[in-house]
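Each chain, written out:
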Amino acid sequence: MKLKFALESAGRDRRDLLATIDSATTVGDLASYLARADPDRSRPDGMDEVGGVHESDESDEVGGVGEAGEGEGVGAGVGAGVGVGEGEGEGVGAGEHTLSVVDQGYRVVDPRLTIPESGLRSGVTVTVTRCSEHVVDVGRPVAVALIVAGPDSGKEFPLWRGTAYLGRGHGAEIRLSDSSVSRRHAKLVIADLPGGTAVPGTAPVTLVEVVDLGSANGIRVGGAEVPRAVLTAGGRVRLGDTEVEVHLTGTASHAAGALMADSASVAFTRSPRIAPLFEGRQFDLPDLPERPKPSRMPWLAMMFPALMGMGLFAVTQSAYSLMFILMSPMMMLGNHVEQRRGGTKDFENLMRDFREDVEVVAAQIRESLEVEAHQRRAENPSSSECVQTARRLSPLLWTRRGDSPGFLQLRLGVGTLPSRSWMTMPPVGRSTAQAWSELARSVEGLSVLPDVPVVVDPLRTGSIGVSGARGVALPAARSLILQAVSLHSPAELIVTAFASTATAGDWDWLKWVPHTASAHSPISTGHLASTAPSCSALLSQLEDLIASASQSEGQTGPAHPCVLVLVENDAPAERSRLVQLAEKGWHTGICVVWLAPATPSLPAACRVFLEVD
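Reference entry: report on the structure contained in this document. (Residues numbered from 1 in each chain as written. Predicted model: local features only at pLDDT ≥ 70, side-chain atom pairs only at ≥ 80, totals over all residues. Heavy atoms only, no water.)

**Focus: the sheet that holds strand β16 (residues 236-239)**
The antiparallel open sheet is built from 6 strands, whose spatial order is β8-β7-β17-β16-β13-β14. Sheet topology places β8 (156-159) and β14 (224-226) at the edges, where each strand pairs with a single neighbour. Here the average twist between neighbouring strands, direction ignored, is 35 degrees. Note that strand β13 (residues 219-221) and β14 share 3 bridges and pair antiparallel. Bridging across to β14, Val221 finds its partner in Ala224. (Pairing = 2+ DSSP bridges. Helix = DSSP H or I, 4+ residues; strand = E, 2+ residues; numbered from the N terminus. Axes fitted to C-alpha atoms, helices over the stretch in contact; angles between N-to-C directions.)

So, in structure tokens, the structure goes:
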């Protein structure tokens, strides 16, 4: 197995080392070897010099430690060295070498533990120290007690497996100043659930139980007074006026897919995850109401009864004939007026029903837009979400596959974009322009979505450019790379970088990313380059990949994992070759993210570019 770590020594900068060890190598073995191999440390009596490098006769070779060479790249390569000896003996003597973890407040690690047992993982920063007395290494805290209410609000107390007492007494691990709390009020018991209920191969489940110790005011969980209770993650217990919230750390609660591996690395198996895409839908808008048909004045119908009445009067000379002449046209006129009024009233009723229908459809569209916005943000998570995904090893980690939608799509930011749903405005037809205008106003703004991810697909659009002042452009470029390594497996995406000695430090974190040292990588040279020779070697291999892919006819998709290439504008490489890489690479699965101080410095191959103010 291999352990990639940083070594901190007095008077020297941190050095990145790669140790090849076996499962039986102890922390003391590794620390002793590092002490012997470090030319800046005084040599212990009785030890042979290992600077050349020679090894003491008593130790068996089980692997090697290599140091990063000067100018080997952004993350610098590591080479093979000499072996780490296996230690014998059970006790820990005073003065024996061991390692202390810088990232954990210089926690001293028990030298008798093997590397897998010690919790040391790739990415850790250590320093070599001596044991001044027998070491009892309690390991990392498995939980944290946070005071959320009471006089001590805001205080945090790390918790390890075992028993931690709460109270005002001096011997309490969680010592409180609350006068309503007894000197020894309660205890927290932190233990692992036996493996019988756990999934084979996974870490045991850590449980936290709170027990009252006969205190005056008792303990309350969930608002009820209890003698003892099991706290869930984030559970709270109240003691007097103090409320304590307990959180399990990543040491105790392994995320889905993280297995306990006999290795110096964290093993992770990505789990199945359903990530539905919002495909959009069609909304049928209500038909516009027809305007009433115009009613014409019945002049002929009115004249015919008048003529008949005049004829009757001429024959009969009766006054009733005159009444017939007058009443018939009046009835027809009244009928005409009533028809016109009825048509107008009917149209008003149709418009009222139409407005109600439009409001119903508009409400459905608004509800659909909310669902769409939520799903589109989930499809392309933000960089902060990606950070949490990597830290917690959540199911989102490496969830994108080469044969699934969204592969290598990266989020540039958020903006207002068209909705994936659509609606068609009905023609005016026999309706009125007023009705059509009302419908248009009712659905205005319902065809776009605010604050949704603006996404770029370099496999379809080509290279990506990022420009702006260093202080704002660098975080934007980091965000793109972070999304790529968080959402894509190192078996399907390789990351390389071209930087200068001035900008290499900004990308030093990439050396800890598995995508720059993947066993699936088609690149044999260093993936992170910052000197002219290393940049030339890396560029040549990328050009060879493009050439070999161009010669493959009839092949669908790249024959190798996709490669994401970061290019700093000041990288010591031939610019014309880098531009050609950006111009041609994306056709063969080699995509470039180019970082420059200004947009005019970006090559035209960056068909999509982000200018950060």
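**Things to note about the side chain of Ser9**
Tracing the backbone through its elements, the reader meets Ser9 in the loop between β1 (2-7) and β2 (15-20). At 2.8 Å, the side chain of Ser9 and the side chain of Arg15 are in polar contact. If sequence neighbours within four positions are ignored, Ser9 has contacts with Arg15 and Asp38. (Polar contact = N/O pair within 3.5 Å; in protein donor to acceptor, adjacent residues only side chain to side chain. Contact = heavy atoms within 4.5 Å.)

**Here's the deal with unusual backbone geometry**
A positive phi angle, near 55 degrees, is found at Leu393, a position not held by glycine. One non-glycine residue, Asp451, lies in positive phi territory at about 55 degrees. Assignment of secondary structure puts Asp451 in strand β23 (residues 448-456). Of the residues examined, Asp451 reaches a relative accessible area of 47% and is grouped as partly exposed. (Buried < 20%, exposed > 50% of the residue type's maximum accessible area, 1.4 Å probe, protein only.)

**Points about the nonpolar core**
Counting residues in each nonpolar core, the largest one holds 33 residues, and the members touching the most others are Val466, Ile481, Trp507, Leu510, Leu564, Val593 and Leu595. Contributing elements (two or more residues each) for this core: β24 (464-468), α8 (470-487), β25 (493-498), β27 (562-568) and β28 (590-596). Per element, the largest residue contribution to this core is 10 residues, and it comes from α8. Ile494, Leu578, Leu581 and Ile590 belong to the second-largest nonpolar core, a separate cluster that totals 25 residues. (Core = buried A, V, L, I, M, F, W, Y, C linked by side-chain atoms within 4.5 Å.)

**Details of the packing of aromatic side chains**
As enumerated under the stated definition, the model contains 1 aromatic pair in all. Ring plane angle 35 degrees and centroid distance 6.2 Å describe the contact between Trp507 and Trp509, whose orientation is recorded as tilted. A cation sits over an aromatic face here: Arg184 above Tyr165, 3.9 Å from the ring centre. (Phe/Tyr/Trp six-rings, centres within 6.5 Å; stacked < 30°, edge-to-face > 60°. Lys NZ or Arg CZ within 6 Å of the ring centre and 35° of its normal.)

**A look at the layout of surface pockets**
There is about 790 Å³ of room inside the second largest pocket. What lines the second largest pocket is a set of 34 residues, among which Arg400, Ser404, Pro405, Gly406 and Phe407 lie closest to the centre. Those elements giving two or more residues to the lining of the second largest pocket turn out to be α4 (319-379), β23 and α7 (458-461). When grouped by side-chain class, the residues that make up the lining of the second largest pocket number 17 nonpolar, 8 polar and 9 charged. (1 Å grid on protein atoms, 1.4 Å probe; cavity = no way out; pocket = protein on both sides within 12 Å on 5 of 7 lines; lining within 4 Å. Points joined across faces, edges and corners; volume = space filled by probe spheres on them. Nonpolar A, V, L, I, M, F, W, Y, C, P; charged D, E, K, R; others polar.)

**Things to note about a nonpolar patch on the surface**
A contiguous nonpolar patch, built from Met330, Leu333 and Val337 and spanning about 250 Å² of accessible area, is present on the exposed surface. Positionally, Leu333 belongs in helix α4. A relative accessible area of 31% places Leu333 in the partly exposed class. (Patch = residues over 30% accessible without salt bridge, like charges linked within 9 Å, V, L, I, M, F, W, Y side chains within 5 Å. Areas by Shrake-Rupley, 256 points an atom, 1.4 Å probe, with all protein chains shown as cover. Salt bridge = Lys/Arg side-chain N within 4 Å of Asp/Glu carboxyl O.)

**Things to note about the packing of helix α9 (residues 532-551) against helix α10 (residues 575-584)**
With their axes 11 Å apart at the nearest point, α9 and α10 run at an angle of 35 degrees to one another. Read as a crossing pair, α9 and α10 show a hand that is left-handed. Only Arg577, Leu578 and Leu581 of α10 make contact with α9, whose side of the interface consists of Ser536, Leu539, Ser540, Leu542, Glu543 and Ile546. (Left-handed = near helix turned anticlockwise from the far one by under 90°.)

**Comments concerning the pattern of salt bridges**
Summed over the entire model, instances satisfying the criterion amount to 18 salt bridges. Arg577 serves as the salt-bridge partner of Glu543, at 2.9 Å between the closest nitrogen and oxygen. Linking Glu543 in helix α9 with Arg577 in helix α10, this pair joins segments that are 34 residues apart in sequence. By relative accessible area, which is 27% here, Glu543 ends up partly exposed.

**Describing α9**
Under the 1.5 Å per step criterion, the end-to-end length of α9 is 29 Å for 20 residues, consistent within 8% with the ideal 28 Å. Residues of α9 that are buried include every one of Ser534, Cys535, Leu538, Leu539, Leu542, Leu545 and Ile546, and no others. Projected down its long axis, α9 shows its buried positions confined to an angular sector of 125 degrees, all on one face. Away from its buried face, by an angle of more than 90 degrees, α9 presents the exposed residues Pro533, Asp544 and Gln551. Where α9 is buried, its residues contact β25, β26 (528-529), β27, α10 and β28. (Expected span 1.5 Å × (residues − 1). Arc of directions from axis to C-beta.)

**What about the sheet that holds β26?**
Here we have 6 strands laid out as an open sheet, ordered β26-β25-β27-β28-β24-β29, and parallel in their pairing. A single partner strand is all that each edge strand has here, and the edge strands are β26 and β29 (608-612). In this structure, β25 lies alongside β27, joined through 6 bridges in parallel fashion. By the bridge assignment for β27, Val495 is matched with Leu564. Helix-sheet contacts for α8 involve β24, β25, β27, β28 and β29, and the interaxial angle to β24 is about 155 degrees. Strands β25, β27 and β28 of the sheet are contacted by α10, whose axis makes an angle of about 130 degrees with β28.

**A look at the packing of helix α5 (residues 383-392) against α8**
The packing of two helices is summarised by the inter-axis angle and the distance between the axes. Their axes nearest at 9 Å, the elements α5 and α8 cross at an angle of 40 degrees. Here α5 lies oblique to α8, going by the angle between them. In this structure, α5 meets α8 at a crossing whose hand is left-handed. Contacts between α5 and α8 involve Ser383, Cys386, Val387 and Ala390 on the former and, on the latter, Ser479, Leu482, Gln483, Ser486 and Leu487. Among the residues making up the contact of α5 with α8, the classes are represented as 5 nonpolar, 4 polar and no charged. (Parallel < 35°, antiparallel > 145°, perpendicular 65-115°, else oblique.)

**Comments concerning the pairing of β25**
Most of β25 is tucked away, with 6 of its 6 residues classed as buried. Burial along β25 is two-sided: the residues Leu493, Val495 and Ala497 and Ile494, Thr496 and Phe498 are all buried. Inspection of the sheet shows β25 paired to β26 by 2 bridges, in the parallel sense. Paired with Ala497 across the strands is Leu528, a residue of β26.

**Some details on the environment of Thr26**
With respect to the helices and strands, the residue Thr26 is situated in the loop between β2 and α1 (27-37). Beyond its immediate chain neighbours, meaning those up to four positions away, Thr26 contacts Pro111, Arg112, Leu113, Thr114 and Ile115.

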